[in-house]
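# Geometric and topological summary
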Amino acid sequence: QVQLVESGGGLVQAGGSLRLSCAASGSIKRINAMGWYRQAPGKQRELVAVITVGDITNYADSVKGRFTISRDNAKNTVYLQMSSLKPEDTAVYYCNANVLTFIPGANRDYWGQGTQVTVSS
């Protein structure tokens, strides 16, 4: 099994910054893509940013130029640096990782428990 533990959420004023972290642990042979999703009240979960094992990144249009995703493969950790935050960025942010495990030796997606980000106006 694989566990993803997020940290770094909180309350920030508009225009401020936050950095989210997500550390993966468990029976990990290889982590493929890692990403961040978010879900605001009454809305569907949406992709925020994703980074491949080769460090290719992709962002939602709404966060381009403001958010930066990165990963530290030695630590099995993915980060999301969020700047110029807006009230509409308020949501629960979830970490996602596609992981190849030693047992049963298959790729599958894992999710973190979510961390709340609240941006006040």
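See the structure above.
Here we summarise the structure given alongside this text. (Residues numbered from 1 in each chain as written. Predicted model: local features only at pLDDT ≥ 70, side-chain atom pairs only at ≥ 80, totals over all residues. Heavy atoms only, no water.)

## Re the environment of D72
Heads up, the condition is: A helix here means a DSSP run of H or I that spans at least four residues, while a strand means a run of E at least two residues long, and both kinds are numbered starting from the N terminus. Burial status follows relative accessibility: with a 1.4 Å probe on protein chains alone, a residue under 20% of its type maximum counts as buried, one over 50% as exposed, and anything between as partly exposed. Here, two residues are considered to be in contact whenever any of their heavy atoms come within 4.5 Å of each other.
Examined against the element boundaries, D72 turns out to sit in strand β7 (residues 67-72). D72 gets classed as partly exposed once you look at its relative accessible area, which sits at 23%. For the pair D72 and N98, spaced 26 residues apart in the sequence, the C-alpha separation amounts to 15 Å. Apart from the residues lying within four places of it in its own chain, the contact partners of D72 are T77 and Y79.

## What to know about the sheet that holds strand β8 (residues 77-82)
Threshold: Two strands qualify as a pair provided that DSSP identifies no fewer than 2 bridges between them. Axes here refer to lines fitted to C-alpha atoms; in helices the fit is confined to the stretch in contact. Angles between the N-to-C directions go from 0 to 180 degrees.
Pairing is antiparallel across the open sheet formed by 4 strands, whose spatial order is β1-β3-β8-β7. Two strands in the sheet have a free side with no partner beyond their single neighbour: β1 (2-7) and β7. Sheet twist, expressed as the average angle between the axes of neighbouring strands with direction ignored, equals 15 degrees. As paired strands, β1 and strand β3 (residues 18-26) are joined by 6 bridges and run antiparallel to one another.

## Quick notes on the pattern of salt bridges
To keep it simple, the criterion reads: Take a side-chain nitrogen of Lys or Arg and a carboxyl oxygen of Asp or Glu: if they are within 4 Å of each other, that pair is a salt bridge.
Counting across every chain of the model gives 4 salt bridges. Across the salt bridge formed by R38 and D89, the nearest N and O atoms sit 3.0 Å from each other. With R38 in strand β4 (residues 28-39) and D89 in the loop between β8 and β9 (91-101), this pair connects stretches of sequence that are 51 residues apart. For the pair shown, R38 and D89 are each scored as buried.

## Regarding the environment of Y93
Which entries qualify depends on this criterion: Whenever a nitrogen or oxygen atom comes within 3.5 Å of another N or O atom, the pair is scored as a polar contact, on the condition that within protein one atom can donate a hydrogen and the other can accept it, and that pairs from neighbouring residues in sequence are kept only if both atoms are in side chains.
Considering the arrangement of structural elements, one finds Y93 in strand β9. Taking C-alpha positions, Y93 is 9.1 Å from R45, a pair spaced 48 residues apart along the chain. Discounting residues that sit within four places of it in the chain, Y93 has contacts with E6, L20, W36, Y37, R38, V48, F67, L80, M82, G114, T115 and V117. A polar contact is formed between the side chain of Y93 and the side chain of R38, at a distance of 2.9 Å. Among the polar contacts listed, one links the side chain of Y93 to the backbone oxygen of D89, at a separation of 2.6 Å.

## Quick word on the packing of aromatic side chains
Filter applied, for reference: Only Phe, Tyr and Trp rings take part, Trp by its six-membered ring, and two of them pair if their centres are within 6.5 Å. Stacked means planes under 30 degrees apart, edge-to-face means over 60, and tilted covers everything else. Geometrically, a lysine NZ or arginine CZ counts as sitting over a ring once it is within 6 Å of the ring centre and also within 35 degrees of the ring normal.
The full count for this structure, using the stated rule, is 1 aromatic pair. Judged by centre distance (5.0 Å) and plane angle (65 degrees), the ring pair of Y37 and W111 falls under edge-to-face. With Y37 in strand β4 and W111 in strand β10 (residues 107-111), the pair connects residues that are 74 residues apart, well separated along the chain. Here Y37 falls in the partly exposed class, since its relative accessible area comes to 23%. Across from the ring centre of Y94, 3.7 Å away, lies the NZ or CZ of R45, which sits over that ring.

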